[in-house]
Amino acid sequence: MTAAEVFRGRTAVITGASSGIGAGLARHAAGLGMKLVLADIAADRLAEFAGELSATGAEVTAVVTDVADPASVEALADTAYTRHGAVDLLVNNAGIMAMGYSWEIPAERWDAMLRINIGGYVNGIRAFVPRMLERGEKAWVVNVSSIGGMLPSPLMAPYSVTKFGTLALTESLHYEMQMKGAPIQVSVVTPGSVKSEIFKAARPGETAPPEEIAAFNDQLQAMADEHGLTPEEHAERVFEMIAEGKYWAIPQPEQLFPALQPRTDMILGQENPRLQLG
């Protein structure tokens, strides 16, 4: 079945929905005929984006949400279920970036990365999965990780840590749904380069970053700008994979697989990691 056949008329909750990958997923979901509950902490940007989608005829509810706050995510779930009676698809996507040497990134930024990129997903699972289980019908939980969740990077330690953690969290949830015999499909998304502002938004600290950090940041942003999928292209691939029942939603295997095999060989061979940039 196509994504349109699977998801038309269903209700989706998407966090981090007002920009980047989240906005692409929301636009595509609207195009599939889904009812949307969009969450983001950026109130003005969220309201503008929700208005944009509503103007196309989509049914959209915008809920300003701090995913790091369990009470805020519970309120998001309350709104979604009050408005629509059920949630069919939860997309945990909200996340932030930090660049710099792991020992120089401020403790506050480390804490924020862990609370949002991991804690936000945990809060989403805790708020929505019990209600999905109680309903007992087909539902989907989708967690957005990254190819950076399989390929750790220098100068991006908090991002690597949280995206690796997302893989572990998602796979654990997948097994738990199997143990419960629940009709809830769990999927993990591993984006490669996607056109967004995530690297421009990364800040290693309050002062200008060292030259090597700035250059690495610029290299990643240039790769996304020049070779990345648009958020809409990325979303189309992701929704089709989820509709097919895939756990691994890998929209850009050409970016992941050539590096994943050598990494696997390195681990199995117990070789020391070697730095390779570019």
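Everything numeric in this text was worked out from a predicted model, so none of it was measured.

Rules used in this analysis
- Every residue gets a number counted from 1 within its own chain, in the order that chain's sequence is written.
- Thresholds applied to this predicted model are a pLDDT of at least 70 for local features of residues and 80 or more for the giving and counting of side-chain atom pairs; totals over whole chains, interfaces and linings are not thresholded and use all residues.
- Hydrogen atoms and water are omitted, and side-chain values are computed over all heavy atoms in the structure.
- Here the aromatic set is Phe, Tyr and Trp, taking the six-membered ring for Trp, and pairing holds for ring centres within 6.5 Å; pairs whose planes are under 30 degrees apart are stacked, those over 60 apart are edge-to-face, and all others are tilted.
- Throughout this description, the term salt bridge denotes a Lys or Arg side-chain nitrogen within 4 Å of a carboxyl oxygen of Asp or Glu.
- Here a helix means four or more residues in a row that DSSP labels H or I, a strand means two or more in a row labelled E, and each is numbered from the N terminus.
- Categorising residues by exposure relies on relative accessible area from a 1.4 Å probe, with only protein chains included: less than 20% of the type maximum marks a residue as buried, more than 50% marks it as exposed, and the intermediate range marks it as partly exposed.
- An expected span of 1.5 Å times one less than the residue number is assigned to each helix.
- A contact between two residues is defined here by any heavy atoms of the two lying within 4.5 Å.
- Here, any two strands with at least 2 DSSP bridges between them count as paired.
- Two N or O atoms count as a polar contact when they lie within 3.5 Å, although within protein this holds only if one can serve as hydrogen donor and the other as acceptor, and sequence-adjacent residues are included solely when both atoms are side-chain atoms.
- Under this scheme, a helix contributes an axis fitted over its contacting stretch, all axes are lines through C-alpha atoms, and angles between N-to-C directions fall in the 0 to 180 degree range.
- For classification purposes, an angle smaller than 35 degrees is called roughly parallel, one larger than 145 roughly antiparallel, one from 65 to 115 roughly perpendicular, and anything else oblique.
- A clockwise turn of the near helix away from the far one marks a right-handed crossing, whereas an anticlockwise turn of less than a right angle marks a left-handed crossing.
- Throughout this entry, Asp, Glu, Lys and Arg are counted as charged residues, while Ala, Val, Leu, Ile, Met, Phe, Trp, Tyr, Cys and Pro are counted as nonpolar. The remaining residues, Gly among them, count as polar.

## Thoughts on the packing of aromatic side chains
Under the definition given, this model contains 5 aromatic pairs. In this structure an aromatic cluster arises from ring pairing among F7, W140 and F239.

## Quick word on the pattern of salt bridges
Here the structure, examined in full by the defined rule, presents 12 salt bridges. Here D88 makes a salt bridge to R10, at a shortest N to O gap of 3.5 Å. Remark: R10 occurs in the loop between α1 (3-7) and β1 (11-15) and D88 occurs in the loop between α4 (70-84) and β4 (89-92); sequence separation between them is 78 residues. Residue classification places R10 among the partly exposed residues on the basis of a relative accessible area of 26%. Of the charged contacts, one joins D40 and R45 as a salt bridge, the two residues approaching to 3.7 Å between their closest N and O atoms.

## Concerning helix α8 (residues 231-243)
In a regular helix each residue adds 1.5 Å, so 13 residues correspond to 18 Å; α8 covers 18 Å between its end C-alpha atoms and thus fits that length. Of all the positions in α8, only P231, H234, A235, V238, F239, M241, I242 and A243 are classed as buried. Buried residues in α8 make contact with α1, α2 (20-31), β4, β5 (139-144), β6 (184-189) and β7 (248-249). G245 sits one or two positions beyond α8 and adopts a positive phi of about 90 degrees.

## Side note on the pairing of β4
Side-chain alternation along β4 places L89 and V91 on one buried face and L90 and N92 on a second face that is also buried. As judged from the 3 bridges shared by β1 and β4, these two strands associate in the parallel manner. Following the sheet pairing, V13 is matched in β4 by L90. Bridge count between β4 and β5: 4 bridges; the pairing is parallel. What sits directly across from L89, in β5, is W140.

## Quick word on unusual backbone geometry
Notably, L155 is not glycine yet its phi reads approximately 65 degrees, a positive angle. Topologically, L155 is positioned in the loop between β5 and α6 (157-180). By relative accessible area, L155 is classed as buried at 12%. One non-glycine residue, Q270, lies in the positive phi region at around 55 degrees. Relative to the helices and strands, Q270 is located in the segment after α9 (253-268). The exposed category is assigned to Q270, whose relative accessible area is 73%.

## Description of the side chain of N92
Topologically, N92 is positioned in strand β4. At 2.9 Å, the side chain of N92 and the side chain of N143 are in polar contact.

## Section: the packing of helix α5 (residues 107-135) against α6
Viewed as axis vectors pointing N to C, α5 and α6 meet at an angle of 15 degrees, and their least axial separation amounts to 9 Å. On the basis of the axis angle, α5 is roughly parallel to α6. As for the relative orientation of α5 and α6, their crossing is right-handed in sense. Between α5 and α6, the contacting residues are W110, M113, L114, N117, I118, Y121, V122, I125, V129 and L133 on the first element and A157, P158, Y159, V161, T162, K163, G165, T166, L169, L173 and M177 on the second. Of the residues that constitute the contact of α5 with α6, the class distribution is 16 nonpolar, 4 polar and 1 charged.

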